[in-house]
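Here's the letter readout for the chains.
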Amino acid sequence: MGKSQVQGQTPTMIIPSGTDIEVDVHGQLNISTPGNLVIENSGNFGISAARREVSVQGATGRAALITRAYTHLFGAVVIFVLLEWWLFASGLAERIARPLLSVNWLYVLGAYMIVAWIASHFAHRSTSRAGQYAALMAYIMAKTVIFVPLLTMAERRAPGVIGSAGAMTVAGFAALTAIAFTTRRDFSFLRGLLLWGGIVALGLIVTALLSGFTLGPLFSVAMVGYAGAAILYDTSNILHRYRTDRYVAAALELFASVALLLWYLVRLYSRFPRSR
């Protein structure tokens, strides 16, 4: 962007390698840098003749990120649904669920968390587009497998409950997305609450698995709320914070939150099949 000297020496900005500079939908300049941003001979900048053009380009870049992120989210959901349908239709779901339900669930949970962490790490850090897609597919596959025992038990206990939970997941996701898009609020303040809530929830899950007690419907209700907060947080990051080339990572995080919402809605609905 051009600049004109108003008084004194012309200001010079030293930008380290890897810096991401963009203008958000509100016309604010966002600079994300891995190092120190240095301004020498700081003075006054004149108004650039290209200011409006840069703002439009920044907004366009953010709009492209949003479109791509939600397109990839839709694709991830479709792949997940088709994989689950195929596993159940072919009878493989029963073969997968039987051994998973017969072993200590801590091993299954631990293996899933390792795969999920690696996938998320590569989706966010990999400079290769193929690597990012591979990470997203690995995450979808891991999610598909870990859902099989839950869906198997839910279908046995209350046939049709999966469809009801899925419809409620879509409705909840749509409502939360509408809130984030219409208010344009930055929900980054939820990060600390989500981290703390996640640690507490994981601790309760591990304790329940070790001691043999069952986490009741109140825990599922609390986790539905947690998943809703995660969707708001992820959507806000897509609107305000994600780099415009990280739409695969954005889709992965949002897919994880939607899947979490579906998981606990299935658990909740399967406990009260007559309330559907």
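Quick summary incoming for the structure in this document. (Residues numbered from 1 in each chain as written. Predicted model: local features only at pLDDT ≥ 70, side-chain atom pairs only at ≥ 80, totals over all residues. Heavy atoms only, no water.)

### Let's talk about the overall build of the chain
Secondary structure assignment for the chain yields eight helices and four strands. In sequence order, the chain lays out its α and β elements as β-β-β-β-α-α-α-α-α-α-α-α. Counting all 276 residues of the chain, 36% fall into the buried class. At a minimum sequence separation of 6, the contacts of the chain that also span at least 24 residues come to 79%. Surface accessibility of the chain: about 15300 Å² in total, with carbon and sulfur atoms responsible for 64%. (Helix = DSSP H or I, 4+ residues; strand = E, 2+ residues; numbered from the N terminus. Buried < 20%, exposed > 50% of the residue type's maximum accessible area, 1.4 Å probe, protein only. Contact = heavy atoms within 4.5 Å. Areas by Shrake-Rupley, 256 points an atom, 1.4 Å probe, with all protein chains shown as cover.)

### Here's the deal with the nonpolar core
Judged by nonpolar contacts, the single largest core of 64 residues is most densely connected at Tyr 139, Phe 147 and Ile 238. Looking at this core, the elements with two or more residues in it are helix H1 (51–90), helix H3 (105–125), helix H4 (129–157), helix H5 (161–183), helix H6 (190–211), helix H7 (217–240) and helix H8 (247–271). The dominant element in this core, judged by the number of residues it contributes, is H8, at 18 residues. Setting aside residues no more than four positions away along its own chain, Ile 238 makes contact with Arg 62, Leu 65, Ile 66, Ala 69, Tyr 70, Ala 250 and Leu 254. (Core = buried A, V, L, I, M, F, W, Y, C linked by side-chain atoms within 4.5 Å.)

### Some points on the packing of H5 against H7
At a closest axis distance of 9 Å, the pairing of H5 and H7 adopts a crossing angle of 40 degrees. Accordingly, the angle class assigned to the pair H5 and H7 is oblique. Relative to H7, H5 is oriented so that their crossing is right-handed. Contacts between H5 and H7 involve Phe 173, Leu 176, Ile 179, Ala 180 and Phe 181 on the former and, on the latter, Gly 228, Ile 231, Leu 232, Thr 235 and Leu 239. Classifying every residue of the contact of H5 with H7 by side-chain character gives eight nonpolar, two polar and no charged. (Axes fitted to C-alpha atoms, helices over the stretch in contact; angles between N-to-C directions. Parallel < 35°, antiparallel > 145°, perpendicular 65-115°, else oblique. Left-handed = near helix turned anticlockwise from the far one by under 90°. Nonpolar A, V, L, I, M, F, W, Y, C, P; charged D, E, K, R; others polar.)

### What about H5?
Over its 23 residues, H5 extends 33 Å from the first C-alpha to the last, a length consistent with the 33 Å expected when each residue adds 1.5 Å. With its phi angle positive at about 55 degrees, Arg 184 sits one or two positions after the end of H5. (Expected span 1.5 Å × (residues − 1).)

### Comments concerning the environment of Leu 232
Within the fold, Leu 232 resides in helix H7. Through-space distance from the C-alpha of Leu 232 to that of Phe 181 is 9.7 Å; in sequence the pair is 51 residues apart. Contact partners of Leu 232, with chain neighbours within four places excluded, come to Leu 176, Ile 179, Ala 180, Phe 187 and Leu 190.

### Quick notes on the packing of aromatic side chains
Inspection of the entire model under this criterion finds eight aromatic pairs. Consider the rings of Tyr 70 and Phe 173, whose centres lie 6.5 Å apart with planes at 45 degrees: the pair is tilted. Of this pair, Tyr 70 sits in helix H1 while Phe 173 is found in helix H5, placing the two residues 103 residues apart along the sequence. Its relative accessible area of 17% is what places Phe 173 among the buried residues. Among the aromatic residues, ring-to-ring pairing joins Phe 80, Tyr 139, Phe 147, Phe 255 and Trp 263 into one connected group. (Phe/Tyr/Trp six-rings, centres within 6.5 Å; stacked < 30°, edge-to-face > 60°.)

### Remarks on the packing of H5 against H8
H8 packs onto H5 with a crossing angle of 135 degrees between their chain directions and a minimal axis gap of 9 Å. As summarised for this structure, H5 and H8 are arranged oblique, according to the angle between their axes. Helix-helix and strand crossings are classified by hand; for H5 and H8 the assignment is right-handed. Contact with H5, carried on its side by Val 161, Ser 164, Ala 165, Gly 166, Met 168, Thr 169 and Phe 173, involves Leu 254, Val 258, Leu 261, Leu 262, Leu 265, Val 266, Tyr 269 and Ser 270 of H8 and no other residues of that element. In terms of residue class, the contact of H5 with H8 is made up of 11 nonpolar, four polar and no charged.

### Focus: the pattern of salt bridges
As enumerated under the stated definition, the model contains three salt bridges in all. For the salt bridge of Glu 94 with Arg 156, the shortest nitrogen-to-oxygen distance reads 2.3 Å. Linking Glu 94 in helix H2 (residues 92–102) with Arg 156 in helix H4, this pair joins segments that are 62 residues apart in sequence. Judged by its relative accessible area of 31%, Glu 94 falls in the partly exposed class. Residue Arg 243 pairs with Asp 245 through a salt bridge whose shortest N-O separation is 2.9 Å. Judged by relative accessible area, Asp 245 falls into the partly exposed class, the value being 26%. (Salt bridge = Lys/Arg side-chain N within 4 Å of Asp/Glu carboxyl O.)

### Remarks on unusual backbone geometry
With a phi angle near 55 degrees, Arg 184 is a residue other than glycine that sits in the positive phi range. Here Arg 184 shows up in the loop between H5 and H6. When its relative accessible area of 30% is taken as the criterion, Arg 184 is described as partly exposed.

### Thoughts on the side chain of Thr 144
In this fold, Thr 144 is placed in helix H4. Residue class for Thr 144 comes out buried when judged on its relative accessible area of 3%. Looking at Thr 144, its side chain comes within polar contact range of the main-chain oxygen of Ile 140, at 2.8 Å. Excluding its chain neighbours within four sequence positions, the residues that come into contact with Thr 144 are Phe 80, Leu 83, Glu 84 and Leu 87. (Polar contact = N/O pair within 3.5 Å; in protein donor to acceptor, adjacent residues only side chain to side chain.)

Fair warning: the whole summary comes from geometry, so function is off the table for now.
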